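Residues per chain, in single letters:
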Amino acid sequence: MTTDICHQSGLISVELAREQLLEAIAPLSETETLPLDQACGRVLAKPAQAQLDLPPCDNSAMDGYALCGESDTPLQLVGKSLAGHPFSGAIGAGECVRITTGAPLPAGADRVVMQEQTELQGDRLTLNTAPKTGEHIRRRGEDVRSGETLLDTGAALKVPDIALLAAAGVARVTVVRRVRAALLSIGDELRSLDTPAAKLGEGNIYDSNRIAIKAALAQLNLDIVDLGCLPDEPRAIRDGFLAARESADIIVTSGGVSVGEADFTRTVLEELGQLELWRLAIKPGKPFAFGHLPRESGRALFFGLPGNPVSALVTLYQLVLPALEKLKGVSDEYRQPPIQCRARLLNPIAKKPGRLDYQRGYTWRDCDGQQVVRSTGVQGSHILSGFSRANCFIVLPREGGNCDTGDWVTIEPFRAPLV
Ligand code: AMP
Ligand code: MG
């Protein structure tokens, strides 16, 4: 695999790393068939076709009266068509039928007048307007045609998709099976939340990454195998990786992937499998590693996230998520690239050229309608409070330097699973 080694630092650009990750990943091929109400977030493995026209019949877009042609008023009220209770007869010139939103248009009717534009006295209706042909009528099939492909293979089903499929009578869908992800934290200092704060030893910290990564991956519909926390010992790490390799499609670790004397993630990965990417021009998150562990059938993909909590989540979001989309079978057509826009910076930012920086910011539209953004405080890769207060990344280009108040900068509002 080629690597875009930057002249000085030997760091791989984020763009190239993403490209190489996607290249190295083949979508899962196993499928399952599910009832539609269990399919949100899953990816179609077969196209879904409409079982009927939508709307299924001509119907009213308003509460009012269905009429036939341009008759003189008052009109004679001859019946009603309610949603679920159509009018059974036909109407002719000079007649009207009380109709509610969504109720079938009676035979003979060609327009609907809104209730607010009429006056009813007994069974005589006077119009305060002259409705045109077709007015307030929703036509059969104007949304969807029976047999039409609504969503193709590779579509990640969103809530509006579920609504569309349900309306079109698609009761079951064939989707790619769930991705299985094994999670591991690595670090002698880490303790689980079962340990009360008062009982933590000196230098101990909570294993927050595993909880946060688990929360993120759960939102993405992954099956999670939580393998807990490993000490900084090569043998324990080896055993942990072997267990993870057997139980999952992807292994997500955090910690021990840098260059410290107790960082064994890479060495064990290289011993059992292959390291394909390591050290990116990203801030925070430089020590990010990607590789794979071969096993009897196929291989498990390996994502080694840095231990610093902000770095772990930033690299999960910026690198693991696009890789997961591909693994889950989302086709290019249905991939959702991050939305970036420009905002006016409200505070100066210090930055050295060399790494693409994902600073944490808070953005809003000010009273003049201008999109503005400010940093949420100190930007250390261990500062979680600023991340928690943020609603966007301030994306500072790799070769850029300091920014001043008033500069236009690129922002990337958080999406799931960060929100
Ligand atoms: P490392 O990547 O192992 O060098 O760790 C970098 C920093 O992240 C250190 O301060 C670690 O204590 C911290 N860290 C490592 N793993 C975790 C974790 N699972 N949860 C919270 N902090 C962690
Ligand atoms: Mg460590």
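In what follows, the structure referred to is the one given above.
Residues numbered from 1 in each chain as written. Chains lettered and ligands numbered in written order. Predicted model: local features only at pLDDT ≥ 70, side-chain atom pairs only at ≥ 80, totals over all residues. Heavy atoms only, no water.

Draft legend 1. Examining the overall build of the protein more closely. Tallying secondary structure elements over the protein gives 7 helices and 26 strands in all. Taken against the 2.2 N^0.38 rule, which gives 22 Å for 419 residues, the C-alpha radius of gyration of the protein at 29 Å runs more than 25% over that of a compact globule. In terms of overall dimensions, the protein has a C-alpha envelope of 90 × 55 × 50 Å along the principal axes. Here the protein holds 419 residues, and the buried ones make up 45% of them. Considering only contacts within the protein whose residues lie at least 6 apart along the sequence, 70% involve residues at least 24 apart. (Helix = DSSP H or I, 4+ residues; strand = E, 2+ residues; numbered from the N terminus. Rg over C-alpha atoms; globule rule 2.2 N^0.38 Å. Buried < 20%, exposed > 50% of the residue type's maximum accessible area, 1.4 Å probe, protein only. Contact = heavy atoms within 4.5 Å.)

Draft legend 2. Representation of the pattern of salt bridges in the model. Within this structure, the stated rule accounts for 17 salt bridges. Of the charged contacts, one joins Lys158 and Asp161 as a salt bridge, the two residues approaching to 3.2 Å between their closest N and O atoms. Across the salt bridge formed by Arg398 and Glu399, the nearest N and O atoms sit 3.8 Å from each other. With relative accessibility at 52%, the residue Glu399 sits in the exposed group. If you follow the salt bridges from partner to partner, you end up with Asp207, Arg210, Lys214 and Asp226 in one network. (Salt bridge = Lys/Arg side-chain N within 4 Å of Asp/Glu carboxyl O.)

Draft legend 3. Here's a closer look at the packing of aromatic side chains. Inspection of the entire model under this criterion finds 8 aromatic pairs. Centre to centre, the rings of Phe387 and Phe414 are 5.8 Å apart; their planes meet at 70 degrees, and the pair counts as edge-to-face. You can see Phe387 sitting in helix α7 (residues 384–389) and its partner Phe414 sitting in the segment after β26 (408–413), a full 27 residues away along the chain. Per residue, the accessibility class of Phe387 equals that of Phe414, and both read buried. An aromatic cluster of at least three residues, connected via ring pairs, comprises Tyr317, Tyr358, Phe387, Phe393 and Phe414. We note Arg266 situated over the ring of Trp278; from NZ or CZ to the ring centre the distance is 3.7 Å. The aromatic ring of Trp278 is capped on one face by Arg279, whose charged end is 5.4 Å from the ring centroid. (Phe/Tyr/Trp six-rings, centres within 6.5 Å; stacked < 30°, edge-to-face > 60°. Lys NZ or Arg CZ within 6 Å of the ring centre and 35° of its normal.)

Draft legend 4. Highlighting helix α5 (residues 265–272). All buried positions along α5 are accounted for by Thr265, Arg266, Val268, Leu269 and Leu272. The buried residues of α5 occupy an angular sector of 165 degrees when the element is viewed end-on, so they sit on one face. The secondary structure elements touched by the buried residues of α5 are β13 (180–186), α4 (234–247), β17 (250–254), β18 (274–278), β20 (289–294) and β21 (299–305). (Arc of directions from axis to C-beta.)

Draft legend 5. The sheet that holds strand β5 (residues 75–81), seen in detail. Taken in spatial order, the 6 strands of this open sheet run β7-β4-β6-β5-β9-β8, and their pairing is mixed. Each having just a single partner strand, β7 (111–114) and β8 (118–121) make up the two edges of the open sheet. Between one strand axis and the next, the sheet turns by 40 degrees as a mean value, whatever way the strands run. Both strand β4 (residues 64–67) and strand β6 (residues 95–99) contribute to a ladder of 4 bridges, which runs antiparallel. Pairing of Leu67 across the sheet is with Cys96, part of β6. (Pairing = 2+ DSSP bridges. Axes fitted to C-alpha atoms, helices over the stretch in contact; angles between N-to-C directions.)

Remember, this is a structural readout, not a statement about activity or role.
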